[in-house]
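# Notes for the structure review
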Amino acid sequence: MTRESNRHSMSDPAGRLNIALQRSGSGLNCRIDSTRPVTAARVFTSRTPLEVAGLIPMLFSICARAQSCAGVTALEQALGQPAPPAVDLARRRSVLVERLREHLWRILLDWPPLVGADPERETMQEVVRQAKTLCAALDPDGTLFRPDGTSGRSDRARMDQAVDQLDTLVAERVFGMSAADWLHEIDRRAALGDWAGSARTGAARLLHALALDGTGALGQSPVAPLPELADAELIAAMSGPAADDFVARPTWGGEPYETSPFARQSGAPLLLDLAPSLGNGILPRLAAQLREVALALVELRAEPESTSRTETPLPPGGGGVGGEGGGIGLGRAEAARGRLAHLARVADGRVREYRILAPTEWNCHPHGILARGLAGLPSADERLLERSAQLLVISTDPCVAYTLTISPT
């Protein structure tokens with residue numbers, strides 16, 4: 001059996017994952033081969049920081065705003081010119097909009113076919129339109145991700161109107177209630193089960209089906225969420241002699257880790273209540289994505305001074321050592337699939353070193369959450385294996401095209 005992802009923007013220039021499951025006498029073996037161009041950032045070498053900031057979204061079209069946010073932060077830290085708080089907030093909100101759009105892409109297009117329904121393409125088109133409106137309202141001058149300074153001003157009225165439109169749309173097609181109400185009411189396993197069994201949306205139907213057939217507990221692995229990494233330690237790992245190997249197959253203390261929506265939400269009451277019976281299986285992963293959608297809408301509606309970062313914390317951009325000649329900087333952003341890090345070294349007005357550590361390399365590590373979760377699936381029932389493998393890949397959400405192949409012994 002072979003399946004391929006079908007998101008048309010996930011083209012081979014971004015690389016792809018070849019995921020192979022092979023039956024054996026002791027169960028399943030999983031192999032993940034990646035063609036992702038993890039050293040593509042070398043093209044930034046010898047360019048000016050302003051040129052690099054302009055090239056980042058062109059080179060990385062998936063999660064371009066998260067890439068731009070991490071990149072410009074690294075460049076500013078290297079130059080010793082951190083952005084003012086208003087600019088930093090506008091950038092983070094722009095990344096939040098992108099994260100919302102990416103999660104809804106999966107929920108509206110990939111989830112419905114899993115319960116025999118059609119992808120909700122028209123709804124997703126409207127999501128894309130409103131997300132563009134929101135990003136334009138956050139960055140009316142088109143200069144938000146430039147390292148040469150910007151006001152960070154936003155069109156609040158336009159933002160509010162777009163958030164209202166998105167909240168209404170998501171209430172109708174995903175939650176069956178407002179995002180704020182869903183967050184407030186769905187905070188325990190029993191409440192999630194009641195919602196999944198009564199709401200008439202595709203998302204609710206999928207979670208209800210997983211709860212009924214027991215598939216939601218599958219795909220668990222012992223891989224832990226990525227801990228907070230000190231700036232100095234991460235800079236050393238991303239710029240030392242083994243840096244290329246580290247960004248291609250990252251481990252910390254010799255262990256692979258997870259950075260994902262599930263990792264971000266694992267401390268929330270809902271996920272904690274799911275953990276004893278479902279762990280980090282498929283259903284909790286999908287629930288974490290739903291929670292992130294609701295949180296994004298609530299946070300985008302909040303006034304800047306009251307916007308909470310406790311649910312999805314973002315670490316400092318980095319501890320760059322700047323000055324007239326430049327220095328080294330680290331920028332991080334919470335992209336849809338997990339934590340993204342950019343490292344930039346600047347000297348004499350030019351970028352001399354640049355590396356990117358993406359969440360895909362953590363989550364799709366050969367011994368990471370996806371590989372170990374797939375290897376632990378029950379293999380006796382071929383249809384169950386095919387369905388649960390597809391669900392686990394979707395719930396892990398690689399940001400590039402993939403091929404999933406299941407072979408006999």
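By convention here, each chain's residues receive numbers from 1 onward along its written sequence. The model is predicted, so local features are restricted to residues of pLDDT at least 70 and side-chain atom pairs to those at 80 or more, both for listing and for counting; the totals for chains, interfaces and linings are taken over all residues. By convention in this description, side-chain values take in all heavy atoms of the structure and omit both hydrogens and water.

### Side note on the overall build of the protein chain
The helix and strand labels rest on DSSP assignments: H or I over at least four residues marks a helix, E over at least two residues marks a strand, and numbering proceeds from the N terminus. Scanning the protein chain from terminus to terminus reveals 16 helices and seven strands. Counting over 409 residues, the protein chain shows a buried share of 55%. Pairs at least 24 residues apart make up 70% of the contacts formed inside the protein chain by residues separated by at least 6 positions. Carbon and sulfur atoms make up 50% of the accessible area of the protein chain, which amounts to about 16,800 Å² in all. When accessible area is computed with a 1.4 Å probe and restricted to protein chains, residues below 20% of their type maximum are described as buried, those above 50% as exposed, and intermediate ones as partly exposed. We call two residues in contact whenever any of their non-hydrogen atoms come within 4.5 Å of each other. Only the protein chains shown count as cover for residues, and the accessible areas themselves come from Shrake-Rupley with a 1.4 Å probe.

### Overview of unusual backbone geometry
A positive phi angle, close to 55 degrees, is found at Cys63, a residue other than glycine. With respect to the helices and strands, Cys63 occurs in the loop between helix H1 (49-59) and helix H2 (64-79). Classification of Cys63 as buried rests on a relative accessible area of 5%. Backbone geometry at Asp348 places phi at a positive 55 degrees, although glycine is not the residue there. Its place among the elements puts Asp348 in the loop between strand S5 (338-347) and strand S6 (350-357). With a relative accessible area of 64%, Asp348 lands in the exposed category.

### Some remarks on the sheet that holds S5
The pairing criterion is simple: DSSP has to find at least two bridges between the two strands. Here we have three strands laid out as an open sheet, ordered S4-S5-S6, and antiparallel in their pairing. The sheet is open, and its two borders are formed by strand S4 (328-335) and S6, each paired with just one other strand. Sheet twist, expressed as the mean angle between neighbouring strand axes with direction ignored, is 20 degrees. Here eight bridges tie S4 to S5, and the two strands are oriented antiparallel to one another. Across the sheet, residue Glu334 finds its bridge partner in S5, namely Arg339. Fitting a line to C-alpha atoms yields each axis, with helices limited to the stretch in contact; the angle taken between N-to-C directions then spans 0 to 180 degrees.

### Digging into the side chain of Asp397
Tracing the backbone through its elements, the reader meets Asp397 in the loop between helix H16 (382-396) and strand S7 (401-407). Polar contact is the term for a pair of N or O atoms within 3.5 Å; when the atoms are in protein, one must be able to donate a hydrogen and the other to accept it, and sequence-neighboring residues count only if both atoms are side-chain atoms. Of note is the side chain of Asp397, whose polar atom sits 2.5 Å from the side chain of Arg106. Those residues in contact with Asp397 that lie beyond four places of it in its chain are Arg106 and Arg337.

### Points about H1
An α-helical turn contains 3.6 residues, so a residue and the one three or four places further along point in the same direction. Residues of H1 that are buried: Pro49, Val52, Ala53 and Ile56. Burial along H1 is one-sided: seen end-on, the buried residues are contained in an arc of 100 degrees. Where H1 is buried, its residues touch H2, S5 and S6. This arc describes the spread of directions from the helix axis toward the C-beta atoms.

### Quick look at H16
By this rule, a helix spans an expected 1.5 Å times one less than how many residues it contains. Taking 1.5 Å of rise per residue, 15 residues should cover 21 Å, and H16 covers 21 Å from first to last C-alpha, within 8% of that figure. Taken together, the buried positions of H16 are occupied by Leu385, Ser388, Ala389, Gln390, Leu391, Leu392, Val393, Ile394, Ser395 and Thr396. The N-terminus of H16 is capped by Asp381, whose side-chain oxygen sits 3.0 Å from the backbone nitrogen of Arg383. Downstream of H16 by a residue or two, Asp397 has a phi angle that is positive, lying close to 60 degrees.

### With respect to the pattern of salt bridges
Salt bridge, as used here: a side-chain nitrogen of Lys or Arg that lies within 4 Å of a carboxyl oxygen of Asp or Glu. Tallying each qualifying case throughout the model produces 29 salt bridges. In this structure, Asp397 engages Arg106 in a salt bridge whose closest nitrogen and oxygen atoms are separated by 2.5 Å. Of this pair, Asp397 sits in the loop between H16 and S7 while Arg106 sits in helix H3 (residues 85-110), and the two are 291 residues apart along the sequence. With relative accessibility at 4%, the residue Asp397 sits in the buried group. The exposure class assigned to Arg106 is buried, which follows from its relative accessible area of 5%.

### Some thoughts on the environment of Asp164
With respect to the secondary-structure elements, Asp164 resides in helix H5 (residues 156-175). Taking the C-alpha atoms as reference, Asp164 lies 8.9 Å from Leu297; in sequence the two are 133 residues apart.

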